[in-house]
Amino acid sequence: MSLADPIDLPPEEPRWRVFWRRYRRNKAAVLGLVLLGCVVLLAAVAGLYEPVDPLRRAGPPLTWPFQTWDTPLGTDQLGRDILAGILHGARISLLIGVVATVISIAIGVVIGALAGYFGGWVDDVLMRVTEAFQTVPSFVLLLALVAILGSSIENIVLAIGIVSWTAPARLSRAEFMSLRRREFVEAVRNLGVGHTAIIFREILPNALPPIVIYASVIMALAILLESALAFLGLGDPNYASWGNMIGQGRAVLRTAWFVSAIPGFAIVLTVLSFSLLGEGLNEVLNPRQKKT
Amino acid sequence: MSEAPILEIEDLRVALPEGSDRPLALDGLSLTVNRGEILCLVGESGSGKSLAAGAVMRLLPEPSVRMTDGRIRLEGQDLATLSEREIRQLRGNRMAMIFQEPMTALNPQKTVGWQIDEVLRLHTSLGRKARAARTLEMLEQVHIPDPRSAMNAYPHQVSGGQRQRVMIAMALAMDPRLIIADEPTTALDVTTQLQILRLIRELQESHGSGVLFITHDFGVVAEIADRVAVLRRGELVEQGTADEILNRPQHPYTRALIAAVPDLTPPAPRSFDGAPTVLKAEGMRKTFRARGGIFGGRRKAVVAVDQVSFDLRRGETLGIVGESGSGKTTVARCITRLLDADGGRVTLDGRDILSASGGDLRAMRADIQMVFQDPMASLNPRKRVVDLIAQGPIVHGTPPRAAREQARELLRLVELSPAAADRYPHEFSGGQRQRIGIARALALEPKVIVADEPVSALDVSVQAQVLRLLADLRKRLELSLLFVTHDLRVAAQLCDRVAVMEKGRVVETGVTAELFANPQHAYTRKLLASVPGRDWTPPQIREDAA
């Protein structure tokens, strides 16, 4: 009954290999990854297909798709190439998705971490603020922010980040509340480690998995929010975003439905890819939940 | 006797899912439980003893864990041939189970009386009044004080020991032939444990049932068993009468297990006459204020630590023993400043810890370190072992490279291979993890180590190794140890002096050997009298057997 020598332990599998093995188990998640890869590819080749300006006139207005090689997916009522719009729109959508998510997660994690870790009046104050944000419908708040800040792309991204931090804040607060009582946190307190290091170095890595999974949901939501803004004509007119394209196509919806339908389809696929990705991450990061 | 034994298990095999540490949880287990007999199934964690109970009750987590071979007969009737429906009629009726944790095994939403009544409702056609009478009778049989009001109480309103009594009343309501008790006293305090063991024995004798009693504790075995079966990694290594197994074990594994049980007789005391006092506590107090919510109602404030004083000299080990709720852990946490005490003084080498703050407190933390109870929960799962150990010195200003170098040395000191340094905690067994926890505490070269139940989560053989390591380290490094434990056997072997706590107060302090031989306070006497198997002295077995 001697102690098993740690040398006998099975050799460590590289972490990414373990990740991939678990991720692969969910076929839908793999599909999500493939779709996301396609969107990234679209964004990457945008400059090759249309190096000058996606908003320039490329052919006669309202050309149907598959009529001419110059504009494979047709043109809108101003004669702009829809395929060029889709490609460049992918860049804008990904940019908005990533940056807005980073902003909302950053705000949410800091507020949730402080509230959950310190508890007491800190928690009370921060959670009342969070509730104040939650009671206002997020789209109404977004409209108000964009109306105040102006509808440049930077402001839109910032505004989306500001309206969507409440859920990650609640999530990380819950994680921190349960983790701060754990013995390993007490053990490092006992070593003399300060609060900041405990929050960010000890607890945060353990609290991160559910937050990362939720980030994919926020990413999808951010893309939808931007599209909705653009549909209402509040998008940044200097960029070809998918929402802008749908918003402008609305006027000719009955005669040339493809002007709205094609960017709409792109949005559906992108949002779907993010939510499938989230499911896959759930499998990787919370393997215990779904074990058969 | 011509009648069939109550339970016969023949060549039982239970398969584990793929990727487990072994293919079969139980491999060819054969047992019999006769009428009016208590058979103790003993084994360490992971030996498959609980799965044996699950197989009999057909409560295995199928299909991943399933019975692949063998025969289980209850009074001659083969259970494998029964349908799910017929098995359900047997459960709770002719065979019943008592679980380890009565709080989770009882439904918190229903009253105690309702839950006993449910058993009767399922298995009898008695009317409401008759069932109520039977319920009351059962509660009387398990000696619950004021059974009438207990019937209407919810599980959280009665104490842990009484909850276990309720579980027993439920199990016995139908007068079952077979009672399976799966570690029924592990979650209980020693004094309560003894009462429950006596109750099981008494009821088993009056009902004439057979009991399959699953435990890991040889003290409990000595207390209650008629016959003993020892299980190791799914294989039965030895069985026999209690006297044979406890006093003349044959198989090397049994001998090693029994050799690991700490003796209740303390060794001769060591002398600390010239040694300076390192840690001194005077009049320490801590009250937990009840924080009532809107619906919480008003609860009383709990005095967890009340005027506790003691001193600890260099190289000495002071044991703080007591039952759960006695405040021993609160004392440990106040001294290490994980909790803030309400009053009193604690001085470490003449400096006051309780009033230190900021930088002073941080500097003092290096001198007083802690080893925690649960070695899994106290190590951050996302850090490598070397970083866990080096963290303290790095925080206190050692250059990271030197600290990691030192961490690898410490691994050798706690008898782990230096190859362990780059692994994560989950790759280690419980005992190995506790060694990592000890290495972390040693990394700051503290003067005092506070150990809060450091071995109670470990199996007995691992426990013995960790205790030996602690004893060895304190001698080599002249460590002072404040050792919090509920286990008097462990305290007897490791502690030089013992402070006995009851309800937040220290009722008696003394040199271990004297205190054990001649306890002064009534509570100390009661504690000592409740240690399971106190009349059994583990036989001295030569080391070559292990």
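Refer to the preceding data block for the structure.
The sections below set out a description of the structure shown in this document. (Residues numbered from 1 in each chain as written. Chains lettered and ligands numbered in written order. Predicted model: local features only at pLDDT ≥ 70, side-chain atom pairs only at ≥ 80, totals over all residues. Heavy atoms only, no water.)

### Let's talk about the overall build of chain A
Stated precisely, the cut-off is as follows: Every helix listed is a DSSP run of H or I at least four residues long, and every strand listed is a run of E at least two residues long, numbered separately from the N terminus. The buried label goes to any residue with under 20% of its type's maximum accessible area, the exposed label to any with over 50%, and the partly exposed label to all in between, with areas taken from a 1.4 Å probe on protein chains only. The charge count includes Lys and Arg as positive and Asp and Glu as negative, but it does not include His or the ends of the chains. Here the site of a charge means NZ on Lys, CZ on Arg, CG on Asp, or CD on Glu.
Within chain A, the regular secondary structure consists of eleven helices and zero strands. Along the longest, intermediate and shortest principal axes, the C-alpha atoms of chain A span 80 × 50 × 35 Å. Relative to its full complement of 292 residues, chain A shows a buried share of 49%. Within chain A, the 21 negative side-chain charges are centred at a point lying 4 Å from the centre of the 24 positive side-chain charges.

### Let's talk about the environment of A:Ser93
All names here are of chain A. Residue placement: Ser93 occurs in helix H3 (residues 82–118). Judged by relative accessible area, which is 3%, Ser93 ranks as buried. Spatially, the C-alpha atom of Ser93 lies 22 Å from that of Arg57, the residues being 36 residues apart in sequence.

### Considerations on the environment of A:Gly119
Residue and element names in this part refer to chain A. Going by this rule: By the convention used here, residues are in contact when the closest approach between their heavy atoms is within 4.5 Å.
Positionally, Gly119 belongs in the loop between H3 and helix H4 (120–135). Relative accessible area serves as the criterion here: at 9%, Gly119 is assigned to the buried category. Here the alpha-carbon distance between Gly119 and Phe176, two residues 57 residues apart in the chain, equals 9.8 Å. The residues contacting Gly119, other than those within four sequence positions of it, are Leu114 and Arg180.

### Points about the interface of chain B and chain A
Spelled out, the test is: Take the accessible area each of two parts loses on contact, using a 1.4 Å probe, and add the two losses: that sum is the buried area. A pairing counts as a salt bridge when a side-chain nitrogen of Lys or Arg comes within 4 Å of a carboxyl oxygen of Asp or Glu.
Across the contact, 43 residues belong to chain B and 27 residues belong to chain A. Both faces considered, chain B and chain A share a buried interface measuring about 3000 Å² in area, 51% of it formed by carbon and sulfur atoms. For the chain B face of the interface with chain A, the top three residues by lost area are B:Leu338, B:Arg382 and B:Arg423, together amounting to 18%. Where chain B meets chain A, there are two salt bridges. Linking B:Arg333 and A:Glu186 is a salt bridge whose minimum nitrogen-to-oxygen distance equals 2.3 Å.

### Let's talk about the pattern of salt bridges
Residues and elements named next belong to chain B. The final tally for this structure, using the stated rule, is 43 salt bridges over all chains. Taking the shortest distance from any N to any O, the salt bridge between Glu8 and Arg73 comes out at 3.4 Å. With Glu8 in strand S1 (residues 7–15) and Arg73 in strand S4 (residues 66–74), this residue pair connects regions lying 65 residues apart in the sequence. Take Glu8 and Arg73: they sit in the same class, and that class is buried. The closest approach of N and O atoms between Lys447 and Asp349, which form a salt bridge, is 3.4 Å. Of this pair, Lys447 sits in the loop between helix H16 (430–442) and strand S17 (448–452) while Asp349 sits in the loop between strand S14 (343–348) and strand S15 (351–352), and the two are 98 residues apart along the sequence. Each of Asp11, Arg13, Asp27 and Asp69 takes part in a single network of salt bridges with overlapping partners.

### Some details on a nonpolar patch on the surface
Residue and element names in this part refer to chain A. Heads up, the condition is: Nonpolar side chains (Val, Leu, Ile, Met, Phe, Trp, Tyr) within 5 Å and like charges within 9 Å form the patches, drawn only from residues with over 30% relative accessible area and no salt bridge. Here the accessible surface of atoms and residues is derived via Shrake-Rupley with a 1.4 Å probe, and residues count as covered only by protein chains that are part of the display.
A cluster of nonpolar side chains, contributed by Leu95, Val98, Val99 and Val102, occupies part of the molecular surface with about 310 Å² of accessible area. Looking at the secondary structure, you find Val102 in helix H3. Accessibility expressed as a relative area gives 52% for Val102, which makes it exposed.

### Regarding the packing of helix H7 (residues 166–179) of chain A against helix H9 (residues 195–231) of chain A
Residues and elements named next belong to chain A. Short version of the rule: Note on geometry: axes are lines fitted to C-alpha atoms, helical ones only across the stretch in contact, with angles between N-to-C directions running from 0 to 180 degrees. Crossing chirality is assigned from the near helix's rotation relative to the far helix, an anticlockwise turn below a right angle marking it left-handed and a clockwise turn marking it right-handed. Under the scheme applied here, ten amino acids are nonpolar (Ala, Val, Leu, Ile, Met, Phe, Trp, Tyr, Cys and Pro), four are charged (Asp, Glu, Lys and Arg), and all others, including Gly, are polar.
For the pair H7 and H9, the least separation of the axes is 9 Å and the interaxial angle reads 145 degrees. Of the two elements, H7 crosses H9, and the hand of that crossing is right-handed. Across from Ala167, Pro168, Leu171, Ser172, Glu175, Phe176 and Leu179 in H7, the residues of H9 making contact are Ile199, Ile203, Leu204, Asn206, Ala207, Pro210, Ile211, Tyr214 and Ile218. Here the residues of the contact of H7 with H9 sort into 13 nonpolar, two polar and one charged.

### What about helix H8 (residues 183–191) of chain A?
Residues and elements named next belong to chain A. Counting buried positions along H8 gives eight out of nine residues, so the element sits mostly inside the fold. Three or more residues of H8 are buried, namely Glu183, Phe184, Val185, Glu186, Ala187, Val188, Asn190 and Leu191. Phi turns positive, to about 95 degrees, at Gly192, one or two residues after H8.

### Regarding the layout of surface pockets
All names here are of chain B. This is how it is decided: Here a cavity denotes grid points, spaced 1 Å and computed from the protein atoms alone, that fit a 1.4 Å probe unable to get out, and a pocket denotes an open set having protein on both sides within 12 Å along at least 5 of 7 lines; residues with an atom within 4 Å of a point are the lining. Grid points are joined across faces, edges and corners, and a volume is the space filled by probe spheres set on the points.
Roughly 1200 Å³ of volume is contained in the second largest pocket. Every residue lining the second largest pocket is counted, 48 residues in all, and those nearest its centre are Thr186, His216, Ser456, His486 and Asp487. Residue assignment for the lining of the second largest pocket shows that the elements contributing at least two residues are helix H8 (190–207), strand S8 (210–215), helix H9 (218–224), helix H12 (328–335), helix H17 (460–477) and helix H18 (488–494). Across the lining of the second largest pocket, the residue classes break down as 19 nonpolar, 17 polar and twelve charged.

### What about the environment of B:Ala363?
Residue and element names in this part refer to chain B. Residue placement: Ala363 occurs in helix H13 (residues 358–365). You can call Ala363 partly exposed: its relative accessible area is 45%. Taking the C-alpha atoms as reference points, Ala363 and His396, separated by 33 residues in sequence, lie 7.5 Å from one another.

### A word on the sheet that holds strand S11 (residues 277–288) of chain B
For the record, the criterion: Each pair of strands is called paired provided DSSP finds at least two bridges between the two strands.
Ordered in space as S12-S11-S14-S15 (chain B), the four strands form an open sheet in which the pairing is antiparallel. Of all the strands in the sheet, just strand S12 (302–313) and S15 of chain B have a single pairing partner and so form its edges.

### Quick notes on the side chain of B:Ser461
Heads up, the condition is: Definition of a polar contact: a pair of N or O atoms within 3.5 Å, with one able to donate and the other able to accept a hydrogen when the atoms are protein atoms, and with sequence-neighbouring residues admitted only if both atoms are side-chain atoms.
Position of B:Ser461 relative to the elements: it lies in helix H17. Within polar-contact distance, the side chain of B:Ser461 engages the side chain of B:Glu44 at 2.7 Å.

### Topic: the sheet that holds strand S3 (residues 38–42) of chain B
Residues and elements named next belong to chain B. Taken together, six strands build an open sheet; the order of strands is S6-S7-S8-S3-S9-S10 and the sheet is mixed. Whereas interior strands pair on both sides, the edge strands pair on one side only; in this sheet they are strand S6 (95–98) and strand S10 (235–241). Averaged over all pairs of adjacent strands, the angle between their axes in this sheet comes to 15 degrees, without regard to strand direction. The sheet contact formed by strand S9 (residues 227–232) and S10 spans six bridges and is antiparallel. When the bridges of S10 are listed, Val230 appears paired with Glu238.

### Focus: unusual backbone geometry
Residues and elements named next belong to chain B. Despite not being glycine, Arg58 has its phi angle at roughly 50 degrees, a positive value. Here Arg58 shows up in the loop between helix H1 (49–57) and S4. Residue Arg58 is classed as partly exposed on the basis of its relative accessible area of 25%. Although it is not a glycine, Arg233 adopts a positive phi angle of roughly 45 degrees. Secondary-structure assignment places Arg233 in the loop between S9 and S10. Of the residues examined, Arg233 reaches a relative accessible area of 46% and is grouped as partly exposed.

### Remarks on the nonpolar core
Residues and elements named next belong to chain B. Threshold: Here, the term nonpolar core denotes a set of buried Ala, Val, Leu, Ile, Met, Phe, Trp, Tyr and Cys residues that are joined through side-chain atoms within 4.5 Å.
Ranked by size, the top nonpolar core spans 55 residues in total, and within it Ile168, Phe213 and Phe218 carry the most contacts. Counting residues per element, this core draws most heavily on helix H7 (residues 160–172), at seven residues. The residues touching Phe218, leaving out its near neighbours within four places in the chain, are Val42, Leu246, Leu257, Ile258, Val261 and Trp536. Grouped together as the second largest cluster of nonpolar side chains are 52 residues, Leu379, Ala403, Ala492 and Val531 included.

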